[in-house]
Amino acid sequence: MSHDTPASRSIFSGKPLRILIGFILVVNGIFPALWILFTSLKTEAELTVKPITWLPHAPTIANYLRAFTDQPLLLFLFNSFMVAILSTALTLFISVLAAYALARLQIRGRDLILSAIIAVSTFPLVTLLVPLFEIMRALGLLNTWVALILPYTVLSLPVCTLILVSFFEGIPRDLENSAMIDGCTRIGALFKVVVPLSAPGVFTAGILAFVNAWDEFLLALSFNSNPMLRTLPVGITLYQGEFAFPWPVISAALVIGIVPVAILIVIFQERVVSGLTSGGIKG
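Throughout this document, residue positions are counted from 1 along each chain, in the order its sequence is written. Selection of residues for local features in this predicted model requires a pLDDT of at least 70, selection of side-chain atom pairs for listing and counting requires 80 or more, and totals for whole chains, interfaces and linings are taken over all residues. Side-chain metrics in this entry use all non-hydrogen atoms of the structure; hydrogen atoms and water are not considered.

## Focus: the overall build of the protein
Then comes step 1: Counting its regular elements, the protein contains 15 helices and 0 strands.
Then comes step 2: Only protein chains enter the area calculation, which uses a 1.4 Å probe; residues under 20% of their type maximum are buried, those over 50% are exposed, and those in between are partly exposed. Put simply, the protein has 283 residues, and 36% of those count as buried.
Then comes step 3: Should any heavy atoms of two residues lie within 4.5 Å, those residues are considered in contact. A separation of at least 24 residues holds for 74% of the contacts in the protein among residues at least 6 apart in sequence.
Then comes step 4: For accessible areas, the Shrake-Rupley method is used with a probe of radius 1.4 Å. Any residue's cover is judged against the shown protein chains and nothing else. Put simply, the protein shows about 16500 Å² of open surface, and 72% of that area lies on carbon and sulfur atoms. Helix numbers and strand numbers start at the N terminus; a helix is a DSSP run of H or I with at least 4 residues, a strand a run of E with at least 2.

Right, dumping it as structure tokens:
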């Protein structure tokens, strides 16, 4: 026998429930970032006092200065940026071609290929570590940027391809045909007509590929032992000593690492949101 009342239904369904879920998601995403920020502004003495202080009593930027002097943080940032931007460019180039072929060409087994792409994207990274390591060693690519760029490209391709397929399918074929009548090749029509019209999807795929490469730790730790080639996630682990964990300095380095991604998302926020919503509707 049901005991639901109009009041209970209004609480657990509809707009109030959506607001509650949205609030929980926002808090879950923002609170860790705020805690890291507050920690980066505290001294180590204040960090260990009891009871815990949520806000720094005397904010200091000394931890940010130490983040640059204790380790070569600028080098870590440069390595991460180059690896992320090069892998993103390669990912977008390949995924654009693959998505266009799947969206426009009459390919036998298209649905099977799409299913395989989805299946591959679900593989845990740790299961791919040993095969990828053996491939990179056999090719003599360990301790190079290429050892990270190629795996990052492969790992981002499934998601980026699926996003772009949904966008390309929404572009009228007549636009491409008109461009080809005017003298464009099919590749020319792709990059001059289809890609610009799918800009939100391209930006979304690019942001996802960049963030995945920027944040990745396991492959960067396993494939590069050269101190001059360490990326930011690996470099941040070097701040801890054998018996010391300078959490304020580590937090400062984390904040510095978060800033480029945050700026990127803020700049392209509208295009990313448009790309995610449009891709979901078209898909």
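The discussion continues.
## Here we look at the environment of P158
Then comes step 1: Tracing the backbone shows P158 in helix 8 (residues 146-168).
Then comes step 2: Residue P158 is classed as buried on the basis of its relative accessible area of 8%.
Then comes step 3: Between the alpha carbons of P158 and I118 there is a distance of 6.7 Å; along the sequence they are 40 residues apart.
Then comes step 4: The residues touching P158, leaving out its near neighbours within four places in the chain, are I117, V120 and S121.

## Describing the confidence of the model for the protein
Note that predicted coordinates carrying low pLDDT should not be read in detail.
Then comes step 1: Confidence in the prediction for the protein averages 84 pLDDT; 89% of positions are at 70 or higher.
Then comes step 2: A low-confidence stretch, residues 279-283 stays under pLDDT 50, and its non-local contacts, those more than four residues away or across chains, total 6 contacts. The predictor attaches a confidence to each residue, called pLDDT, with possible values from 0 through 100.

## Topic: the nonpolar core
Within soluble globular proteins, side chains that are nonpolar tend to cluster in buried spots.
Then comes step 1: Membership of the largest hydrophobic core comes to 35 residues, with the highest contact counts inside it found for A67, L73 and F223.
Then comes step 2: Ranked by the residues each element gives to this core, the list is headed by helix 14 (residues 247-267), at 7 residues.
Then comes step 3: When sequence neighbours within four positions are dropped, the list of residues in contact with F223 reads L129, L132, F133, M136, L142, N143, A147, L148 and P151. What is meant by a nonpolar core is a set of buried Ala, Val, Leu, Ile, Met, Phe, Trp, Tyr and Cys residues, joined one to another through side-chain atoms within 4.5 Å.

## Brief notes about the pattern of salt bridges
Then comes step 1: Here a salt bridge means any side-chain nitrogen of Lys or Arg lying within 4 Å of a carboxyl oxygen belonging to Asp or Glu. Tallying each qualifying case throughout the model produces 4 salt bridges.
Then comes step 2: R66 is the partner of E44 in a salt bridge, and the nearest nitrogen-oxygen pair spans 3.6 Å. Of this pair, E44 sits in helix 3 (residues 44-47) while R66 sits in helix 4 (residues 62-70), and the two are 22 residues apart along the sequence.
Then comes step 3: D70 is the partner of R66 in a salt bridge, and the nearest nitrogen-oxygen pair spans 3.1 Å. Taken as a pair, R66 and D70 lie in helix 4 at a separation of 4 residues, close to a single helical turn.
Then comes step 4: For D70, a relative accessible area of 36% gives the class partly exposed.
Then comes step 5: Residues joined in a network through salt bridges with shared partners are E44, R66 and D70.

## Thoughts on the packing of helix 5 (residues 73-104) against helix 11 (residues 199-215)
Then comes step 1: Direction vectors running N to C along helix 5 and helix 11 enclose 140 degrees, while the axes themselves pass 8 Å from each other. Taken together, helix 5 and helix 11 sit at an angle that is classed as oblique. In the packing of helix 5 onto helix 11, the handedness of the crossing is right-handed. The residues of helix 11 that touch helix 5, namely those facing L77, S80, F81, A84, I85, S87, T88, T91 and L92, are V202, A205, G206, A209, F210, A213 and W214.
Then comes step 2: Amino acids are sorted into nonpolar (Ala, Val, Leu, Ile, Met, Phe, Trp, Tyr, Cys and Pro), charged (Asp, Glu, Lys and Arg) and polar (every other residue, Gly among them). Split into classes, the residues belonging to the contact of helix 5 with helix 11 amount to 11 nonpolar, 5 polar and no charged. In this analysis an axis means a line fitted to C-alpha atoms, helices contributing only their contacting stretch, and an angle means the value between N-to-C directions, from 0 to 180 degrees. For this classification, under 35 degrees means roughly parallel, over 145 means roughly antiparallel, 65 to 115 means roughly perpendicular, and everything else is oblique. The sense of a crossing depends on the near helix, which, turned anticlockwise from the far helix by less than a right angle, makes the crossing left-handed and, turned clockwise, makes it right-handed.

## What about the environment of M180?
Then comes step 1: Among the structural elements, M180 can be located in helix 9 (residues 173-181).
Then comes step 2: Between the alpha carbons of M180 and L190 there is a distance of 10.0 Å; along the sequence they are 10 residues apart.
Then comes step 3: Leave out the neighbours within four places in its chain, and M180 touches T185, R186 and A189.

## Structural notes on the environment of G257
Then comes step 1: Mapped onto the elements of the fold, G257 is located in helix 14.
Then comes step 2: In the structure, G257 is positioned 42 residues away from D215 in sequence and 9.0 Å away in space, judged by C-alpha atoms.
Then comes step 3: Once residues lying within four places of it in the same chain are set aside, the contact partners of G257 are W214 and L232.

## Structural notes on the packing of aromatic side chains
In this description, an aromatic ring pair is defined by two values, namely the gap between the centres and the angle between the planes.
Then comes step 1: Pairing of aromatic rings covers Phe, Tyr and the six-membered ring of Trp, with a centre-to-centre limit of 6.5 Å; geometry is then stacked below 30 degrees between planes, edge-to-face above 60, and tilted otherwise. Tallied over the full model, the rule gives 10 aromatic pairs.
Then comes step 2: Aromatic ring contacts, followed pair by pair, group F31, W35 and W54 into a single cluster.

## Considering the layout of surface pockets
Then comes step 1: Only protein atoms enter the calculation, which uses a 1 Å grid: trapped sets of points that fit a 1.4 Å probe without letting it out are cavities, open sets showing protein on both sides within 12 Å along at least five of seven lines are pockets, and any residue with an atom within 4 Å of a point is a lining residue. Grid points are joined across faces, edges and corners, and a volume is the space filled by probe spheres set on the points. The computed volume of the largest pocket comes to approximately 280 Å³.
Then comes step 2: Taken together, 15 residues form the lining of the largest pocket, with S121, F123, V154, L155 and S156 sitting closest to its centre.
Then comes step 3: The biggest single contributor to the lining of the largest pocket is helix 8, with 6 residues.
Then comes step 4: Considering only residue class, the lining of the largest pocket consists of 11 nonpolar, 3 polar and 1 charged.
Then comes step 5: Roughly 210 Å³ of volume is contained in the second largest pocket.
Then comes step 6: For the lining of the second largest pocket, the per-class residue count stands at 7 nonpolar, 2 polar and 1 charged.

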